[in-house]
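This is what each chain is made of:
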Amino acid sequence: MVSENRNEIKRLKNELAEEEQKTKILKVVLDMAYEGIVIVDIDGNIAIISKPYADFLGVDDQQVVGMPVTEVIENTRLNVVVKTGKGEEAQLQKIGTRNILANREPIILDGEIKGAVGKVLFKNVKELNHLYKKFGHVQKELENYKGEFASQYSAKYSFSDIVGNTGKILEAKKIAKKAGQTDSNVLLVGESGTGKELFAHAIHKVSSRVYGRFVKVNCAAIPSDLLESELFGYEKGAFTGANKEGKMGKFEMADGGTIFLDEIGDMPLHMQVKLLRVLQEKEVERVGGVSPKSIDIRIIAATNQNLEEMVNEGKFRADLYYRLNVVMIKIPPLRERADDIVLLSEYLCKKVAKKFGRDECIISPKAMDYLRNYKWEGNIRQLENVIERAFNILDDRDFWILPEHLPKEITGIKPMGHINKLEDVVAKAEKNAIVAAIKICGGNKKKAAEDLGISRTTLYGKMDRYSIYQELR
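Predicted, not measured: the structure shown is a model, and the values here were computed from it.

Asker: How should I be thinking about the overall build of the protein chain in this particular structure?
Answerer: A tally of helices and strands in the protein chain yields 20 helices and 16 strands. For the protein chain, with 473 residues in total, the buried portion stands at 36%. Contacts in the protein chain between residues at least 24 apart in sequence constitute 64% of all its contacts with a sequence separation of at least 6. In the structure as shown, the protein chain presents an accessible area of about 28,400 Å², 50% of it carried by carbon and sulfur atoms.

Next comes the structure, spelled out in structure tokens:
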């Protein structure tokens, strides 16, 4: 019996020694591993921690065994994973001033939670500081890129930037705000410089697509042979000179947002057919592509041309015109909103001053009269250019825009052709005054002299000088 107990104890000792050996081997493997690893038991106490991870934490890998993991590792959630049995993948964890990424998984044996294991997602924890700095640098570059991309494809203006209180502009803003609450296509009609692009920006900003991209395309500025690839994009190798990786078109960029097609009247007829398909099928196909891609876009088009006349002349497709002209907004020219010129001029003056880093800009009343009475063929764009030009020629410390700072075509100021001598002007005025006084006094020269405030002798002398006797005969 004693012999059997001794054998049993010996067997248990051997098993314990084997387990201890396995634990040591496991610890060595963990220490040699490229990841930081920590294992906790069912109570959330540390069972094993790799030496690289302990070094990173600034603790002794032997002394922390048995301690609650929450006291050793800042912001750990292994104690939570042990309780819930739910793993957490690629979680950001802040330790001191650094951020790491960690995986946490429960240890389940025979259907029961026995503990949890946490793993730092870095190949070499010893280089964590270097990787952290590198990650921060890459993250900053990414944020800058995202910021630049967002800035390039986002609406900049809102309805508050559309200045004016006259009836026609208020009506246009009212219709535009209503259009912004729908997903209908919008056609902006107005002369160049009236602010069609501002309306497009503002409509996008009040729409449900405000968090989507706002992509601008000037149909008149892109050569007709490049317009298709610009709008639809192309697959790699689609044509000679094409980008090796292919290119996304403007329609795809605007997916989920708004595309603003400016100068739509200049779009070639063959492209009008392709645009019509986009409107009808809600899909695009890249140049050189074999399958279309579904897109969700809202189209805002703008033109300074009469599209109805172009339809009648066969220069613009009627079906496309009706597709675009769901909501038409007519933007009035500046000459039809003269009462807004003062308000606009003051607004633009402040805008220009801010652009030049100056505190103030004031338009004198006389200069404002010239601005108000001028017929602005170039509309608001011309008005802004005139104010900016005037501000450019001011002295550094001056902020008053005067008539002489305005172009001659606005003020109408021209050089005088002939200047009379002052003595000639005075003599003529004196002669006319004497003749008039004598006639009013019925030829009574004494009375005329009194009324003129001069002596009779002086009167007779001037009459002789100016030969007035002859004129009175």
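What follows picks up the thread again.
Asker: Explanation requested: the pattern of salt bridges in the structure shown.
Answerer: Side chains bearing opposite charge may pair, as long as their charged atoms lie close to each other. Overall, the coordinates contain 23 salt bridges when judged by the stated rule. We note a salt bridge from R104 to E88, for which the minimum N-O separation is 2.7 Å. With a gap of 16 residues between them, R104 in strand β4 (residues 98-109) and E88 in strand β3 (residues 88-95) connect regions that are remote in the sequence. Comparing R104 with E88, the two get one shared label, buried. Where D183 meets R209, a salt bridge forms, and the shortest distance between an N and an O atom there is 2.8 Å.

Asker: Help me out: how do you make sense of the nonpolar core in this one?
Answerer: In this structure, L231, F251, I259, L261, I264, L275 and F316 are the most contacted members of the largest nonpolar core, which totals 32 residues. Elements represented by at least two residues in this core include exactly β7 (214-218), α8 (224-232), α9 (250-253), β10 (258-262), α10 (269-281), β13 (298-303), α11 (307-312) and α12 (318-324). For this core, the element with the highest residue contribution is α10, accounting for five residues. Dropping the residues within four chain positions of it, L231 is found in contact with V217, G249, K250, F251, L261, M267 and M271.

Asker: Help me out: how do you make sense of the packing of aromatic side chains in this one?
Answerer: Geometrically, a pair of aromatic rings is defined through the distance of the ring centres and the angle of the planes. Counted according to the given criterion, the structure contains six aromatic pairs. With a centroid separation of 5.3 Å and 65 degrees between ring planes, the pair formed by F232 and F251 is classed as edge-to-face. With F232 in helix α8 and F251 in helix α9, this pair connects stretches of sequence that are 19 residues apart. Where F356 meets F391, the ring centres are 5.6 Å apart and the plane angle is 50 degrees; that geometry is what we call tilted. In this pair, F356 sits in the loop between α13 (341-355) and β15 (362-363) while F391 sits in helix α15 (residues 379-392), placing the two residues 35 residues apart along the sequence. Take F391: its relative accessible area is 2%, and that puts it in the buried class. Across the ring face of F159, the terminal group of K177 is positioned such that the distance to the ring centre comes to 5.5 Å.

Asker: I tried to follow the pairing of strand β1 (residues 37-41) on my own but got confused; where do I start?
Answerer: With respect to burial, β1 is a largely interior element, four of its five residues being buried. Bridging between β1 and strand β2 (residues 46-49) involves three bridges; their strand directions are antiparallel. Its bridge partner lying in β2, V40 is registered against I46. In sequence, β1 turns back onto β2 through a hairpin of four residues, with G44 there showing a positive phi of about 80 degrees.

Asker: Quick question: what am I supposed to make of the environment of G249 here?
Answerer: Here G249 shows up in the loop between β9 (247-248) and α9. Take G249: its relative accessible area is 0%, and that puts it in the buried class. For the pair G249 and S229, spaced 20 residues apart in sequence, the C-alpha separation works out to 6.6 Å. Contact partners of G249, with chain neighbours within four places excluded, come to S229, E230, L231, F232 and G233.

Asker: Honestly, the state of the cysteines in this entry has me stumped. Any pointers?
Answerer: Simply put, disulfide is the name for a covalent bond between the sulfur atoms of two cysteines. Here the structure, examined in full by the defined rule, presents one disulfide. Across a sulfur-sulfur distance of 1.7 Å, C349 and C361 are joined as a disulfide pair. Across the S-S bond linking C349 and C361, the dihedral sits near -70 degrees, which makes this disulfide left-handed. Note that C349 is positioned in helix α13 and C361 in the loop between α13 and β15, a separation of 12 residues in sequence. By relative accessible area, which is 10% here, C361 ends up buried.

Asker: Any chance you could explain the side chain of T76 here in plain terms?
Answerer: Within the fold, T76 resides in the loop between α3 (69-72) and α4 (78-84). With near-sequence residues (within four places) excluded, T76 lies in contact with V69, T70 and Q93.

Asker: How do you make sense of a nonpolar patch on the surface when you look at a structure like this?
Answerer: Nonpolar side chains collect at one region of the surface, where L92, L101 and L121 lie side by side and expose about 250 Å² of accessible area between them. Examined against the element boundaries, L121 turns out to sit in the loop between β5 (112-120) and α5 (128-152).

Asker: Help me out: how do you make sense of the sheet that holds strand β6 (residues 186-189) in this one?
Answerer: Within a sheet, adjacent strands bond to each other through the backbone by hydrogen bonds, running parallel or antiparallel. Strand order in this open sheet of five strands is β7-β10-β13-β6-β14, and the pairing throughout is parallel. One side of each edge strand has no neighbouring strand; the edge strands of this open sheet are β7 and β14 (327-330). Here the strands of the sheet are splayed against their neighbours by 20 degrees on average, with no regard to which way each runs. Two elements, β10 and β13, share four bridges in a ladder whose sense is parallel. Residue pairing across strands places F260 opposite I300, the latter belonging to β13.

Asker: Any chance you could explain unusual backbone geometry here in plain terms?
Answerer: For K282, which is not a glycine, the phi torsion comes out positive at approximately 55 degrees. Take K282: it is sitting in the loop between α10 and β11 (283-284). Located in the positive-phi region is S467, a residue other than glycine, with phi close to 55 degrees. The residue S467 is located in the loop between α19 (456-465) and α20 (468-472) in this model. The partly exposed category is assigned to S467, whose relative accessible area is 35%.

Asker: I tried to follow the side chain of N379 on my own but got confused; where do I start?
Answerer: Secondary-structure assignment places N379 in helix α15. Classification of N379 as buried rests on a relative accessible area of 0%. Here the side chain of N379 touches E191 through a polar contact of 3.2 Å, side chain to side chain. Once residues lying within four places of it in the same chain are set aside, the contact partners of N379 are E191, S192, G193, T194, P333 and L334.

The rules behind these values
- Residues numbered from 1 in each chain as written.
- Predicted model: local features only at pLDDT ≥ 70, side-chain atom pairs only at ≥ 80, totals over all residues.
- Heavy atoms only, no water.
- Helix = DSSP H or I, 4+ residues; strand = E, 2+ residues; numbered from the N terminus.
- Buried < 20%, exposed > 50% of the residue type's maximum accessible area, 1.4 Å probe, protein only.
- Contact = heavy atoms within 4.5 Å.
- Areas by Shrake-Rupley, 256 points an atom, 1.4 Å probe, with all protein chains shown as cover.
- Salt bridge = Lys/Arg side-chain N within 4 Å of Asp/Glu carboxyl O.
- Core = buried A, V, L, I, M, F, W, Y, C linked by side-chain atoms within 4.5 Å.
- Phe/Tyr/Trp six-rings, centres within 6.5 Å; stacked < 30°, edge-to-face > 60°.
- Lys NZ or Arg CZ within 6 Å of the ring centre and 35° of its normal.
- Pairing = 2+ DSSP bridges.
- Disulfide = S-S within 2.5 Å.
- Patch = residues over 30% accessible without salt bridge, like charges linked within 9 Å, V, L, I, M, F, W, Y side chains within 5 Å.
- Axes fitted to C-alpha atoms, helices over the stretch in contact; angles between N-to-C directions.
- Polar contact = N/O pair within 3.5 Å; in protein donor to acceptor, adjacent residues only side chain to side chain.

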